[in-house]
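Chain by chain, the residues run as shown.
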Amino acid sequence: MTAASRHAPLVVGIWQNFPLPMVSRYLAQQGWDWVILDMQHGCMTTETAYECIHTLRAGGTKPLLRVSVGVPSEVQRALDLGARGVVVPMVNSLAEAQAVALAAKYPPLGHRSLGGDPARHYGADYPERANTDTLLLVQVEHIESVRNVEAIMALPGVDGCFIGPTDLALSMGLPRSDYERHPDHRAAMARTLAACQAHGKLACSNTYSMSDVQEKIAQGFDCITFKSEAELFVSAGAGLLSELRKRAADAGSRP
Ligand code: 3PY
Ligand code: MG
């Protein structure tokens, strides 16, 4: 999916926190469009990310990598590892966006360096294809970033934004729950979406409830994530355990 294909079907992604190729294989089998491997939060390393990326690629799922910090070397490394897109946290200024955009794209668009694995692994024409085949999604997740969002989305090397609603709320001094109904938060989200749409860039966001999902689809977001596989594991495990304990307690109180 490219920034130009705005009316393509909604892309549905999931975050992967467990640094295990086996988990990537299950997620690919489930058929998620994107799996975003998270190196910002969690214990994914370069080596485990590499293995997960290639397991996802082999399974037909697009691997994206969220780098730990928005520095050019991290962005370039993520793409060299084989990620089909890179998500960069906390890109708050035009200068920060420009720096990561230059690192993500080969000349003439940027100054990504060519060497090592990419041309060997991804085809001899990879350098010609990479600028359009790989995505740079900058995270708009601070009110400072929202203030600069029109200029950031106008940059040619930026393919879209990934809004971080939680960090955005924290940066605005809002509480950690119910912030999505706060008018200032809604205005910041709307301004960011409008900037993406005005420049033909992808608008992506995390979501937190099915009504949130419905709203984001109606608003025209291009891609959403909901939870990580770790959250699914923890919530399903906790739910099952409490059900089993309840049944065991009921059985224990039988005469
Ligand atoms: C946030 O909500 O801050 C995130 O980064 C989630 O994508
Ligand atoms: Mg965040």
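Everything here concerns the structure above.
Residues numbered from 1 in each chain as written. Chains lettered and ligands numbered in written order. Predicted model: local features only at pLDDT ≥ 70, side-chain atom pairs only at ≥ 80, totals over all residues. Heavy atoms only, no water.

Caption draft 1: Examining the packing of helix 1 (residues 21–30) against helix 2 (residues 46–58) more closely. Contact pair helix 1 / helix 2: the axes reach a minimum separation of 8 Å and the direction vectors enclose 25°. As summarised for this structure, helix 1 and helix 2 are arranged roughly parallel, according to the angle between their axes. When the axes of helix 1 and helix 2 are compared, the crossing they make is right-handed. In contact with Pro21, Ser24, Arg25 and Ala28 of helix 1, helix 2 contributes Glu51, Cys52, Thr55 and Leu56. Looking at the contact of helix 1 with helix 2 residue by residue, the class counts come to four nonpolar, two polar and two charged. (Axes fitted to C-alpha atoms, helices over the stretch in contact; angles between N-to-C directions. Helix = DSSP H or I, 4+ residues; strand = E, 2+ residues; numbered from the N terminus. Parallel < 35°, antiparallel > 145°, perpendicular 65-115°, else oblique. Left-handed = near helix turned anticlockwise from the far one by under 90°. Contact = heavy atoms within 4.5 Å. Nonpolar A, V, L, I, M, F, W, Y, C, P; charged D, E, K, R; others polar.)

Caption draft 2: Broad picture of the coordination of the magnesium ion (ligand 2). Every protein donor of the magnesium ion (ligand 2) is listed here as Glu141 (OE) and Asp167 (OD), and their distances to the metal cover 2.1 Å. Within this pair, whereas Glu141 is found in the loop between strand 5 (135–140) and helix 7 (143–147), its partner Asp167 is found in helix 9 (residues 165–171), the two being separated by 26 residues in sequence. By relative accessible area, which is 2% here, Glu141 ends up buried. (Donors = N, O, S within 2.8 Å, 3.2 Å for Na, K, Ca; no water. Buried < 20%, exposed > 50% of the residue type's maximum accessible area, 1.4 Å probe, protein only.)

Caption draft 3: Representation of the packing of aromatic side chains. On inspection of all chains with the given rule, the structure shows five aromatic pairs. Taken together, a centroid distance of 6.5 Å and an interplanar angle of 80° make the contact between Tyr179 and Tyr208 edge-to-face. One end of the pair, Tyr179, is in the loop between helix 9 and helix 10 (183–199); the other, Tyr208, is in the loop between strand 7 (202–206) and helix 11 (210–219), with 29 residues separating them in the sequence. For Tyr179, a relative accessible area of 5% puts it in the buried group. Looking at Arg25, its charged tip hangs above the ring of Tyr26, at a distance of 5.7 Å from the centre. The side chain of Lys216 reaches across the aromatic face of Phe221, ending 5.8 Å from its centre. (Phe/Tyr/Trp six-rings, centres within 6.5 Å; stacked < 30°, edge-to-face > 60°. Lys NZ or Arg CZ within 6 Å of the ring centre and 35° of its normal.)

Caption draft 4: Looking closely at a nonpolar patch on the surface. Residues Leu20, Met22 and Tyr26 make up a contiguous nonpolar surface patch of about 320 Å² in total accessible area. Here Tyr26 lies in helix 1. For Tyr26, a relative accessible area of 47% translates into the label partly exposed. (Patch = residues over 30% accessible without salt bridge, like charges linked within 9 Å, V, L, I, M, F, W, Y side chains within 5 Å. Areas by Shrake-Rupley, 256 points an atom, 1.4 Å probe, with all protein chains shown as cover. Salt bridge = Lys/Arg side-chain N within 4 Å of Asp/Glu carboxyl O.)

Caption draft 5: Representation of the sheet that holds strand 3 (residues 62–66). An order of 1-2-3-4-5-6-7-8 is seen for the eight strands of this closed barrel, with the pairing classed as parallel. Direction aside, the axes of adjacent strands within the sheet are offset by 25° on average. When strand 3 meets strand 4 (residues 85–88), the two strands line up parallel, connected through three bridges. Counterpart to Leu65 in the pairing with strand 4 is Val86. (Pairing = 2+ DSSP bridges.)

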